[in-house]
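Read off the chains here:
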Amino acid sequence: GSRSLVSSCEKIKVSSSMGKHYGKDKMFDGCSDTCWQSKEGKPQCITIEFDCTRFLQKFRIQFQGGFAPTECQVLIGGGSHEALAGG
């Protein structure tokens, strides 16, 4: 089964937030009624740093309320090892 790696995150940063009711902590609180909401503008980003190297088979992004980006890029890696997945 799937297992959350959020507990091994050292740092989570977001480009903006619409206040404490929509803060970055709402992305990972396990409640389907809450979410992170950014302020208007482009680009919006989420940065997640783990405490050590992690091997991921998949990850999931869920958008709330019918909102979805027209473009999404995922940048993976650090140092000299970096990969880009886009859609």
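What counts as what
- Residues numbered from 1 in each chain as written.
- Predicted model: local features only at pLDDT ≥ 70, side-chain atom pairs only at ≥ 80, totals over all residues.
- Heavy atoms only, no water.
- Helix = DSSP H or I, 4+ residues; strand = E, 2+ residues; numbered from the N terminus.
- Buried < 20%, exposed > 50% of the residue type's maximum accessible area, 1.4 Å probe, protein only.
- Contact = heavy atoms within 4.5 Å.
- Areas by Shrake-Rupley, 256 points an atom, 1.4 Å probe, with all protein chains shown as cover.
- Polar contact = N/O pair within 3.5 Å; in protein donor to acceptor, adjacent residues only side chain to side chain.
- Patch = residues over 30% accessible without salt bridge, like charges linked within 9 Å, V, L, I, M, F, W, Y side chains within 5 Å.
- Salt bridge = Lys/Arg side-chain N within 4 Å of Asp/Glu carboxyl O.

Visitor: How should the overall build of the chain be read in this particular structure?
Guide: Summing up its helical and strand segments, the chain has 0 helices and 4 strands in all. Counted from the first residue to the last, the chain has its helices and strands arranged as β-β-β-β. Classification of the 87 residues of the chain by burial places 9% in the buried group. Long-range contacts, defined here as pairs at least 24 residues apart, represent 35% of the contacts in the chain between residues at least 6 apart. When the accessible surface of the chain is totalled, it reaches about 7600 Å², and 52% of it is carbon and sulfur.

Visitor: Hey, could you run me through the side chain of S16 in this one?
Guide: Relative to the elements of secondary structure, S16 occurs in the loop between β1 (9–14) and β2 (46–50). Polar contacts involving the side chain of S16 include one to the side chain of Q44, which spans 3.0 Å. Excluding its chain neighbours within four sequence positions, the residues that come into contact with S16 are W36, Q37, S38, K39 and Q44.

Visitor: Got a minute to help me understand a nonpolar patch on the surface in this structure?
Guide: Together, L56, F59, I61, F63 and I76 give the surface a local cluster of nonpolar side chains, amounting to about 500 Å² of exposed area. Here I76 shows up in strand β3 (residues 73–78). With a relative accessible area of 47%, I76 lands in the partly exposed category.

Visitor: Sorry, what's going on with the environment of G19 here?
Guide: Its place among the elements puts G19 in the loop between β1 and β2. Once the C-alpha coordinates of G19 and Q37 are considered, the two residues, 18 residues apart in sequence, prove to be 8.4 Å apart.

Visitor: In this structure, what is going on with unusual backbone geometry? I would like to understand it.
Guide: Most peptide bonds adopt trans geometry, and most residues besides glycine take a negative phi value. With an omega dihedral of -15°, the bond running from K42 to P43 counts as a cis peptide bond. Along the chain, P43 falls in the loop between β1 and β2.

Visitor: Would you mind showing me how to read the environment of G77 here?
Guide: Mapped onto the secondary structure, G77 falls in strand β3. A C-alpha to C-alpha distance of 9.1 Å links G77 and T53, two positions 24 residues apart in sequence.

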